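# Analysis of the macromolecular model
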Amino acid sequence: MISKSFKKPSKLLYQTEGVRSYLELGHYLHWYHLLSLSQVDLKESASVIVIPGFLSDDSSTAVLRSVLALKGANVHGWESGVNLGFRTPLFDSVAEHLRELSQKNNQKVVLIGQSLGGVFAKELAKLFPELVEKVISLGSPLMDLSGSSSNISDLYHMMNPDKPDSETPLIEKQFKEHFLEVPEMQMTSIYSKFDGIIHWQASLLPKKNNCQNIEVLGSHCAMAYNPVVINLVLNLLADAPRA
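Described below are features of the structure shown in this document. Note that the structure is predicted; figures quoted are calculated from it, not measured. Sequence positions are assigned chain by chain, starting from 1 and proceeding in written order. A pLDDT threshold of at least 70 governs which residues receive local features in this predicted model, and a stricter bar of 80 or more applies before side-chain atom pairs are shown or counted, although totals over entire chains, interfaces and linings include all residues. No hydrogens and no water enter the side-chain calculation; it runs on all heavy atoms of the structure.

With that settled, consider the packing of helix H2 (residues 17–36) against helix H8 (residues 227–238). It is the contact of H2 with H8, at a shortest axis distance of 9 Å, that shows an interaxial angle of 35°. Of H8, the residues touching H2 (which contributes His27, Tyr28, Trp31 and Leu35) are Pro227, Ile230 and Asn231. Amino acid classes used here: Ala, Val, Leu, Ile, Met, Phe, Trp, Tyr, Cys and Pro are nonpolar; Asp, Glu, Lys and Arg are charged; the rest, including Gly, are polar. By residue class, the composition of the contact of H2 with H8 is five nonpolar, two polar and no charged. To get an axis, fit a line to the C-alpha atoms, keeping to the stretch in contact for a helix; angles then go from 0 to 180 degrees between the N-to-C directions. Secondary structure follows DSSP: runs of H or I at least 4 residues long count as helices, runs of E at least 2 residues long count as strands, and numbering of each begins at the N terminus. The contact criterion used is simple: two residues touch if any of their non-hydrogen atoms lie within 4.5 Å.

Right under this line is the structure:
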């Protein structure tokens, strides 16, 4: 499948990404009491797995998961260590986690992914639709297979070089061949035009009945603790009853 081509975020957005994400942590601390007072009750919502972004682990999504747990959600990290890229061992690990959680609770699971984690979530949902209730991505390059939209694509490709076709695992071949396809269940992409890592256009889902794109104001790295994003996720999960 031919990947779309995107431009990268501006140098200004990229160079100020760190400072802006740090400031947004302060916004979260300021608005935490309002989030805690939210009337959203997730005790009856579907279980949740949150998948971190590139070079991140479950600690990077701890804030988001703590708020979801506070509202009653049965929420889990991806429990697969550092996300080093779309690699078969990592994909198999989180897929097994998904199967075990679904079987344990006899229900479908909501997948939330930040950045590259959203790509993992999208691919898991396509391969295991019987296990997934809904997908929510946060600043994810959902439509960018080549990495043209990313300011850190060189680092990603250095750590994940292309392999000869004969040495490429089947799941990675399928990943490339069907990348632009979207899952059959409800999927929401939350994105920001002020993202300094991924160009926002690469996050846009196609216009389909089961797809929606929601714009927020914020940086890329702060997506998992941006109070506006967290509030959106709370309400999206409230609409995902146990199934």
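Having seen the structure, we can now continue with the description.
What follows concerns the packing of H2 against helix H3 (residues 62–70). Running from N to C, H2 and H3 cross one another at 20°; their axes reach a closest spacing of 11 Å. As summarised for this structure, H2 and H3 are arranged roughly parallel, according to the angle between their axes. Here the hand of the crossing between H2 and H3 comes out right-handed. Counted together, Tyr28, Tyr32 and Ser36 of H2 and Val63, Ser66, Val67 and Leu70 of H3 form the full contact between these two elements. Residue composition of the contact of H2 with H3, grouped by class: five nonpolar, two polar and no charged. To sort the angles, those under 35 degrees are grouped as roughly parallel, those over 145 as roughly antiparallel, those from 65 to 115 as roughly perpendicular, and the leftovers as oblique. Handedness of a crossing is defined here by the sense of rotation of the near helix relative to the far one, left-handed for an anticlockwise turn of less than a right angle and right-handed for a clockwise turn.

Aromatic rings from Phe, Tyr and Trp, with only the six-membered ring used for Trp, were paired whenever their centres fell within 6.5 Å, and each pair was classed as stacked if the ring planes differed by under 30 degrees, edge-to-face if by over 60, and tilted otherwise. Applying the stated criterion to the full structure yields nine aromatic pairs. For the pair Tyr28 and Tyr32, a centre-to-centre distance of 5.8 Å together with 70° between the ring planes defines the contact as edge-to-face. You can see Tyr28 and its partner Tyr32 sitting in helix H2, four residues apart, about one turn around the helix. Relative accessibility decides the category of a residue: with a 1.4 Å probe and only protein chains considered, values under 20% of the type maximum give buried, values over 50% give exposed, and everything between is partly exposed. You can call Tyr32 partly exposed: its relative accessible area is 35%. Taken together, Trp78, Phe86, Phe91, Phe120, Phe175 and Phe179 form an aromatic cluster joined through their ring pairs. Over the ring of Trp200 we find Lys193, and its NZ or CZ is 4.7 Å from the ring centre. Definition used: whenever NZ (Lys) or CZ (Arg) falls within 6 Å of the ring centre and also within 35 degrees of the ring normal, the charge is taken to sit over that ring.

Turning our eyes to something else, we now look at the pairing of strand E1 (residues 47–51). Extensive coverage of E1 is indicated by the burial of five of its five residues. Alternating residues of E1 divide into Ser47, Ile49 and Ile51 and Val48 and Val50, and every residue in both groups is buried. The rule for pairing is simple: two strands pair if DSSP sees at least two bridges between them. Where E1 meets strand E3 (residues 109–114), five bridges bridge the pair, whose relative direction is parallel. Bridge pairing in E3 links Ile51 to Gly113. Sheet analysis places E1 next to strand E2 (residues 75–77), joined by three bridges and oriented parallel. By the bridge assignment for E2, Ile49 is matched with His76. The β-α-β motif built from E1, the intervening H3 and the parallel element E2 has right-handed crossover chirality. Convention used here: a crossover is right-handed provided that the path from the first strand, over the helix, to the second strand proceeds clockwise when the strands point away from the viewer.

Turning to the environment of Val135, a few remarks are in order. With respect to the secondary-structure elements, Val135 resides in strand E4 (residues 132–138). Through-space distance from the C-alpha of Val135 to that of Pro183 is 8.5 Å; in sequence the pair is 48 residues apart.

A few words now on the sheet that holds E2. Whether parallel or antiparallel, the strands of a sheet pair through hydrogen bonds between backbone atoms. On the basis of which strands lie adjacent, the open sheet formed by six strands has the order E2-E1-E3-E4-E5-E6 and parallel pairing. Edge positions in the sheet fall to E2 and strand E6 (211–216), since each has one partner strand and no second. Neighbour-to-neighbour, the strand axes of this sheet turn through a mean angle of 20°, independent of strand direction. Along the sheet, helix H4 (residues 88–105) makes contact with E1, E2, E3 and E4, crossing E1 at roughly 170°. Contacts between helix H5 (residues 116–127) and the sheet are confined to E1, E3, E4 and strand E5 (186–192), with E3 contributing the most and set at about 150° to the helix.

Take the pattern of salt bridges next. Between Lys or Arg on one side and Asp or Glu on the other, a salt bridge is scored when a side-chain nitrogen of the former is within 4 Å of a carboxyl oxygen of the latter. The full count for this structure, using the stated rule, is eight salt bridges. Between Arg20 and Glu17 there is a salt bridge; the shortest N-O distance is 3.3 Å. Linking Arg20 with Glu17, this pair stays in helix H2, spanning three residues, or about one helical turn. Relative accessible area serves as the criterion here: at 3%, Glu17 is assigned to the buried category. In this structure, Asp165 and Lys173 form a salt bridge, with 3.7 Å as the shortest nitrogen-oxygen distance. Using a relative accessible area of 57% as the deciding quantity, one classes Asp165 as exposed. Linked through salt bridges whose partners overlap, the residues forming this network are Lys122, Glu123 and Lys126.

That's the geometry; what it means functionally is another story.
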